[in-house]
Each structure stands twice: as C-alpha cells, then as structure tokens.
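This is what each chain is made of:
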Amino acid sequence: MIILYFLIAIFIGWIWIDYYRLIEIYDHENLKYFLLTYFLGGLSVYIVLGIEQLLLDSTFVLNENFINDFLYCVFRIGVVEEFAKLIPLLLIYFLFKKQFNEPIDYLAFISISALGFSAAENAMYFYKDGAGAISGRAILATVGHMFDTSIIAYGIIIVKFRK
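Residues numbered from 1 in each chain as written. Predicted model: local features only at pLDDT ≥ 70, side-chain atom pairs only at ≥ 80, totals over all residues. Heavy atoms only, no water.

> I keep staring at the packing of helix α1 (residues 2–22) against helix α6 (residues 134–161) and nothing clicks. Help me out?
Packed helix pairs are specified by the crossing angle of their axes together with the interaxial distance, meaning the distance between the axes. Where α1 contacts α6, the axes come no closer than 11 Å and their chain directions differ by 45°. With respect to their mutual orientation, α1 and α6 come out oblique. As for how α1 packs across α6, the hand of that crossing is right-handed. In contact with Tyr5, Ile8, Ile12, Trp16 and Tyr20 of α1, α6 contributes Ile134, Ala138, Thr142, Val143 and Met146. Partitioned by chemical class, the residues of the contact of α1 with α6 number 9 nonpolar, 1 polar and no charged. (Axes fitted to C-alpha atoms, helices over the stretch in contact; angles between N-to-C directions. Helix = DSSP H or I, 4+ residues; strand = E, 2+ residues; numbered from the N terminus. Parallel < 35°, antiparallel > 145°, perpendicular 65-115°, else oblique. Left-handed = near helix turned anticlockwise from the far one by under 90°. Contact = heavy atoms within 4.5 Å. Nonpolar A, V, L, I, M, F, W, Y, C, P; charged D, E, K, R; others polar.)

Laid out in structure tokens, this is it:
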C-alpha cells in the first residue's frame, strides 16, 4: 500500500509541473533541471526531520494556547520547512546558474522544490493517516507549499532584480 501512496503523492506534484509546462510558462529545455529540483525537494523533507530531531525540543508542541500554537506554527513548522525547501533552489542555482536568466526562473525552481517536498510529505501522511488524507492534502497542502515558498522566491527576485 505504501507504494501506491508514494505514487499518488508523486503524481499530485507532477500534475502541477506538467500543467506549467503545458501552458508554456517555463522553458521546455529545463525538464531535466526540474526533475533534479523535484527530487531534491523531496529529499529536503529529511532536513526538516533532522532539524526536528536534533535541534528542536520535543516539549514545544501544539497545546491549544494561542500564543504557543502561533509560535509553534511560525517557527517550528514554517521557518524550518521554508528553509528546507530553499536549499534545493540554492543547490540548483549554484550548480546551474545559466538556468536562471529571468526572474520567473527563481519562482519556477522554488515551486518545483516545494512540489517535491509536498510529494514526500504527502506520502508520509498518506501512509500514516490512510486514503482519507489524500483529497485534502492533494489540493490544500500542495498548493499551500507552492504559495508559501513562492513568497521567498518573490523576495529573492525583488532583491536581485531591483534597479
């Protein structure tokens, strides 16, 4: 069953990549770089798991206290996950700088990284929670990861391309 969940999670992320390729927002010759970024984005889940296990205190949990839960969501979830999704972009950028010749490329690659991250995370949730988690995570989590990470790309674009 885990193989089926894994394939479903990969398919959900790939639908978005294929959609962007079909409407020709991105160059078609970037497919091999997109695949590498997608794979690295999937591996970046292990960065989050490592940070949580090594650095973060397990007593800091959601407890229905507004301030605690807000801080938990911003710092333990948000900052850690966005940092992890940024690493594949930085690796691709420093290894293949010629692929970044216009501002939309930063947005494309960080979104692809987020899709890989989302696919790996979705596979873990599907395995843990079963098929009932698929519909909610397929739409909300996948698009949410792309949106949140695109904000980082927008900041990079503003800094890099501001005249």
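From this point, the narrative continues.
> Any chance you could explain the pattern of salt bridges here in plain terms?
Pairing between side chains of opposite charge can happen when the charged atoms of each approach one another. The tally for this structure, following the rule as stated, stands at 2 salt bridges. In this structure, glutamate 82 engages lysine 85 in a salt bridge whose closest nitrogen and oxygen atoms are separated by 3.0 Å. In this pair, glutamate 82 and lysine 85 are both assigned in helix α4 (residues 66–95), 3 residues apart and thus about one turn of the helix distant. With a relative accessible area of 14%, glutamate 82 lands in the buried category. With a relative accessible area of 0%, lysine 85 lands in the buried category. Two residues, arginine 137 and glutamate 121, come together in a salt bridge whose shortest N-O distance is 2.7 Å. In this pair, arginine 137 sits in helix α6 while glutamate 121 sits in helix α5 (residues 103–129), placing the two residues 16 residues apart along the sequence. Of the two residues examined, arginine 137 and glutamate 121, each falls in the buried class. (Salt bridge = Lys/Arg side-chain N within 4 Å of Asp/Glu carboxyl O. Buried < 20%, exposed > 50% of the residue type's maximum accessible area, 1.4 Å probe, protein only.)

> Help me understand the packing of aromatic side chains, please; the structure alone is not making it clear to me.
Taken as a whole and assessed by the stated rule, the structure comprises 11 aromatic pairs. Measuring from centroid to centroid gives 4.8 Å for phenylalanine 100 and phenylalanine 109, while their planes differ by 35°, and the two rings are tilted. By relative accessible area, which is 8% here, phenylalanine 100 ends up buried. Linked through ring pairs, Phe34, Tyr93, Phe94, Phe100, Tyr106, Phe109 and Phe161 together constitute an aromatic cluster. The aromatic ring of phenylalanine 117 is capped on one face by lysine 85, whose charged end is 5.3 Å from the ring centroid. (Phe/Tyr/Trp six-rings, centres within 6.5 Å; stacked < 30°, edge-to-face > 60°. Lys NZ or Arg CZ within 6 Å of the ring centre and 35° of its normal.)

> In this structure, what is going on with α5? I would like to understand it.
Because an α-helix packs 3.6 residues into every turn, residues spaced three or four apart end up facing the same way. With 27 residues, α5 ought to run about 39 Å at 1.5 Å a step, and its terminal C-alpha atoms sit 38 Å apart, in line with that. At the C-terminal side of α5, glycine 130 shows a positive phi close to 90°. (Expected span 1.5 Å × (residues − 1).)

> Any chance you could explain a nonpolar patch on the surface here in plain terms?
A cluster of nonpolar side chains, contributed by Phe66, Ile67, Phe70, Leu71, Val74, Phe75 and Val79, occupies part of the molecular surface with about 700 Å² of accessible area. You can see leucine 71 is positioned in helix α4. (Patch = residues over 30% accessible without salt bridge, like charges linked within 9 Å, V, L, I, M, F, W, Y side chains within 5 Å. Areas by Shrake-Rupley, 256 points an atom, 1.4 Å probe, with all protein chains shown as cover.)

> What exactly am I supposed to notice about the packing of helix α3 (residues 45–54) against α5 here?
Two elements in contact, α3 and α5, have axes separated by 9 Å at closest approach and are oriented at 65°. Where α3 approaches α5, its residues Val45, Val48 and Leu49 are matched on the opposing element by Phe117, Ala120, Glu121 and Met124. Tallied by class, residues from the contact of α3 with α5 come to 6 nonpolar, no polar and 1 charged.

> Quick question: what am I supposed to make of helix α2 (residues 31–43) here?
Taking 1.5 Å per residue as the helical rise, α2 with its 13 residues ought to reach 18 Å, and the 18 Å between its terminal C-alpha atoms agrees with that figure. Those residues of α2 lying buried are Tyr33, Phe34, Thr37, Tyr38, Leu40, Gly41 and Gly42. The secondary structure elements touched by the buried residues of α2 are α1, α3, α4 and α5.

That's the geometry; what it means functionally is another story.
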